[in-house]
Amino acid sequence: MSERSAFIIGGTGQIGTATAERLLRDGWRVTAAHRGGRSTAGVTGATSVILDRDDTAALRSAAAGHDVVVDTVAYRPEHADQLIELAPEVGSLVVISTGSVAAPLTGTWLEASTGLDDAPRYPDPLDEDVAILDSATDAYSPNKAEVERRLRATELPISILRPGAIHGPASPMLREWYFIKRVLDGRPFAILAYDGESLFSTTDTRNIAELIALCADNPGARLLNAVDEELLTVAEIGRTVFDLMGHDSPIRTISGPPRADGVGDSPWALAHPLRMPMDRARRELGYRQAVSYRDGMTDAIEWSVSALRAAEARGGDWRDAFPIMVSRYGAGEWFPYDAEDAVPG
């Protein structure tokens with residue numbers, strides 16, 4: 001069998017890096033396309049190509065002829081149009097979507113919610129056949145839904161994967177930093193809203209990569225959830241992080257939503273569960289996850305602490321280590337320690 005070739009759009013991001021490493025282990029020749037802001041030095045054996053994915057002609061020229069094209073950064077409807085145009089010139093495609101494309105039964109979409117009154121209530125479990133958002137609004141989840149809609153309207157060999165709350169080494173948006181920093185700061189407790197029972201399916205980047213490898217080996221038109229097998233509440237996530245870091249402080253909870261002063265808020269503070277099953281991936285592709293949540297988090301903790309120490313050595317702090325987490329997720333508001341300390345124990 002001749003060597004197979006893979007082209008990864010967004011090849012130096014958290015999903016792209018894990019995918020490159022996984023495909024290289026299977027003997028694929030991997031090209032990691034990126035905007036030039038990061039290096040592929042950590043992916044031994046991958047070829048690095050600087051590419052503006054919005055330049056359709058350049059993308060088509062660079063990706064044509066590959067056995068599989070993996071798109072980790074298909075954010076807008078026009079990106080779907082690019083891929084449809086490219087599809088006849090490649091073996092197959094794998095495109096990363098998100099679980100938040102699902103249309104809630106009540107409330108608004110995930111990142112548009114402002115509180116309990118408009119909190120999304122999704123079908124539970126959230127399988128792949130749920131209705132998806134309309135595209136009337138120019139925002140992340142509706143745009144991703146329109147990407148799916150356009151791709152699924154074709155009969156092309158395109159695998160669409162829906163992750164949940166992504167984590168892993170090299171993750172610029174590691175939600176678990178909410179707990180990791182508390183350990184590093186020696187906090188005596190954490191406080192979680194909704195009785196600590198919020199559930200938002202997690203996804204290790206290496207589990208996404210495992211599913212991508214299976215899709216690359218078995219091209220087809222399909223839609224699959226891509227989450228960790230474990231379904232952990234936010235309190236269980238926090239306890240896992242605390243245990244792995246040898247931190248025996250308690251996790252306290254409050255009923256109902258986070259308080260106005262930020263007490264109880266967290267990146268998983270959902271009023272209703274977002275629970276995504278993996279039955280279809282197991283049934284159709286024989287999928288088995290590559291890494292458990294606990295083992296994956298061990299690596300993510302080590303990486304995040306190392307990234308913090310490197311930022312501190314440059315004279316910065318955690319905000320310099322994880323700028324996207326601050327700008328996109330508002331992580332600067334995750335640590336209202338004074339307000340927490342005022343809560344009766």
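Here goes a summary of the coordinates provided. Please read these numbers as outputs of a predicted model, since none were measured by experiment. (Residues numbered from 1 in each chain as written. Predicted model: local features only at pLDDT ≥ 70, side-chain atom pairs only at ≥ 80, totals over all residues. Heavy atoms only, no water.)

The next point concerns the side chain of histidine 272. Residue position: histidine 272 is located in the loop between β11 (251-253) and α8 (279-285). Owing to a relative accessible area of 17%, histidine 272 belongs among the buried residues under this scheme. In this structure the side chain of histidine 272 is engaged in a polar contact, spanning 3.4 Å, whose partner is the side chain of arginine 121. (Helix = DSSP H or I, 4+ residues; strand = E, 2+ residues; numbered from the N terminus. Buried < 20%, exposed > 50% of the residue type's maximum accessible area, 1.4 Å probe, protein only. Polar contact = N/O pair within 3.5 Å; in protein donor to acceptor, adjacent residues only side chain to side chain.)

Moving on: the pairing of strand β5 (residues 92-96). Burial runs high along β5: 5 of the 5 residues are buried. With burial as the criterion, each face of β5 is covered, one bearing Ser92, Val94 and Ile96 and the other bearing Leu93 and Val95. For the segment spanning strand β4 (residues 68-71), helix α3 (residues 77-86) and β5, crossover handedness is right-handed. The pairing of β5 with strand β6 (residues 158-163) spans 4 bridges and is parallel. (Right-handed = clockwise from strand over helix to strand, strands pointing away. Pairing = 2+ DSSP bridges.)

Between side chains of opposite charge, a pair can form when the charged atoms approach closely. In this structure the tally under the stated criterion is 29 salt bridges. Arginine 187 is paired through a salt bridge with glutamate 340; the nearest N and O atoms lie 3.3 Å apart. Separated by 153 residues along the polypeptide, arginine 187 in the loop between α5 (177-184) and β8 (190-192) and glutamate 340 in helix α12 (residues 337-341) bring together distant segments of the chain. Per residue, the accessibility class of arginine 187 equals that of glutamate 340, and both read buried. For the salt bridge of arginine 282 with aspartate 279, the shortest nitrogen-to-oxygen distance reads 2.8 Å. Placement of both arginine 282 and aspartate 279 in helix α8 is noted, with a separation of 3 residues, approximately one turn of the helix. (Salt bridge = Lys/Arg side-chain N within 4 Å of Asp/Glu carboxyl O.)

On to the pairing of β4. Alternating residues of β4 divide into Val68 and Val70 and Val69 and Asp71, and every residue in both groups is buried. Note: strand β1 (residues 5-9) against β4, 4 bridges, orientation parallel. Bridge pairing in β4 links isoleucine 8 to valine 70. Taken together, the 4 bridges between β4 and β5 define a ladder with parallel strand orientation. Within β5, the residue paired with aspartate 71 across the bridge is valine 95.

Right, let's talk about the side chain of glutamine 82 for a bit. Residue position: glutamine 82 is located in helix α3. Excluding its chain neighbours within four sequence positions, the residues that come into contact with glutamine 82 are Arg53, Asp54, Asp55, Thr56 and Leu59. (Contact = heavy atoms within 4.5 Å.)

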